[in-house]
Amino acid sequence: GIQVEQSPPDLILQEGANSTLRCNFSDSVNNLQWFHQNPWGQLINLFYIPSGTKQNGRLSATTVATERYSLLYISSSQTTDSGVYFCAAEYSGNTPLVFGKGTRLSVIA
Amino acid sequence: EAQVTQNPRYLITVTGKKLTVTCSQNMNHEYMSWYRQDPGLGLRQIYYSMNVEVTDKGDVPEGYKVSRKEKRNFPLILESPSPNQTSLYFCASSFSPSGTQYFGPGTRLTVL
């Protein structure tokens, strides 16, 4: 079946460090989204990025659709960045998003 | 304020006792869906709805029912809950399946 794989599964950072999270997908995608689940369980959409690069403050994301991967960059990490980051892909019109298993990020002061 | 609401937020119940988790959105979204989140498995879709009276199975529909009688509401029904349905449940909505997904706050269900 369709696969969405994220790496690394776990990441521990010192506050202020930068990081790159990766999402590989097994087929061409219509849609790729990144989400952050904070330690209280709330899921927030970060980026809708089927291709190209977007930036929002300290976060940016790049999807290279032809090579079937997306990257999420976090710069100058803060403790509030802690949580689990998910990517999710839609492979064809009107089909459910397929989620990766997430990268658990812990930022320590 | 644009939001997706779920109730209850926490529920402990016993095997076989029917329950409903409500989901409501105020963004006039056509697409709504339910997910369950389990450790090590990420989020898996249970059911989704493209519009009123249009629902379809996701990846893990067994043991669940849904209905979409109104655009804003999409309740999740467990007719006879079992312990393997203990999980964290999320409702989500968007204008389309490929649109930006907005998630509810989650419902933590424990079935004893």
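The preceding data block contains the structure.
Keep in mind it's a predicted model, so treat the numbers as computed, not measured.

So, how was this worked out
- Residues numbered from 1 in each chain as written.
- Chains lettered and ligands numbered in written order.
- Predicted model: local features only at pLDDT ≥ 70, side-chain atom pairs only at ≥ 80, totals over all residues.
- Heavy atoms only, no water.
- Helix = DSSP H or I, 4+ residues; strand = E, 2+ residues; numbered from the N terminus.
- Rg over C-alpha atoms; globule rule 2.2 N^0.38 Å.
- Pairing = 2+ DSSP bridges.
- Disulfide = S-S within 2.5 Å.
- Phe/Tyr/Trp six-rings, centres within 6.5 Å; stacked < 30°, edge-to-face > 60°.
- Contact = heavy atoms within 4.5 Å.
- Buried area = accessible area lost by both parts, 1.4 Å probe.
- Polar contact = N/O pair within 3.5 Å; in protein donor to acceptor, adjacent residues only side chain to side chain.
- Nonpolar A, V, L, I, M, F, W, Y, C, P; charged D, E, K, R; others polar.

A. How the structure looks around the overall build of chain A. Scanning chain A for helices and strands turns up 0 helices and 11 strands. Put simply, chain A runs from its N terminus to its C terminus through helices and strands in the order β-β-β-β-β-β-β-β-β-β-β. Against the 2.2 N^0.38 benchmark of 13 Å for 109 residues, chain A shows a C-alpha radius of gyration of 13 Å, consistent with a compact globule. By its C-alpha atoms, chain A is 40 × 25 × 20 Å across when sized along the principal axes.

B. Quick peek at the sheet that holds strand 1 (residues 4-7) of chain B. All names here are of chain B. Strand order in the open sheet formed by 4 strands is 1-3-8-7, and the pairing between neighbours is antiparallel. Looking at which strands have only one partner, the edges of the open sheet turn out to be strand 1 and strand 7 (65-66). As judged from the 4 bridges shared by strand 1 and strand 3 (residues 19-25), these two strands associate in the antiparallel manner. Bridging across to strand 3, asparagine 7 finds its partner in threonine 22.

C. Looking closely at the state of the cysteines. Residue and element names in this part refer to chain A. Applying the stated criterion across every chain, the model contains 2 disulfides over all chains. Paired by a disulfide, cysteine 23 and cysteine 87 hold their sulfur atoms 2.0 Å apart. Between cysteine 23 and cysteine 87 the sulfur-sulfur dihedral comes to about 80°; the bridge is accordingly right-handed. Separated by 64 residues along the polypeptide, cysteine 23 in strand 3 (residues 19-25) and cysteine 87 in strand 9 (residues 83-90) bring together distant segments of the chain.

D. Fine view of the packing of aromatic side chains. For the structure on display, the rule yields 9 aromatic pairs over all chains. Between phenylalanine 35 of chain A and phenylalanine 103 of chain B, the ring centres sit 5.3 Å apart and the planes meet at 90°, which makes this aromatic pair edge-to-face. Of this pair, phenylalanine 35 of chain A sits in strand 4 (residues 31-37) while phenylalanine 103 of chain B is found in strand 10 (residues 102-103), placing the two residues in two different chains. Cluster of aromatic residues (ring-pair linked, three or more members): Phe35, Phe86 and Phe99 of chain A together with Tyr35, Phe90 and Phe103 of chain B.

E. Highlighting the interface of chain A and chain B. The interface is formed by 17 residues belonging to chain A together with 18 residues belonging to chain B. Buried area between chain A and chain B, both sides added, is near 1500 Å², and the carbon and sulfur share of it is 59%. For the interface between chain A and chain B, the tally reads 3 residue pairs in polar contact (both at pLDDT 80 or more). Of all the secondary structure elements, the ones that give two or more residues to the side of chain A that touches chain B are strand 4, strand 5 (43-48) and strand 9 of chain A. Along the lines of polarity and charge, the residues of the side of chain A that touches chain B split into 7 nonpolar, 8 polar and 2 charged.

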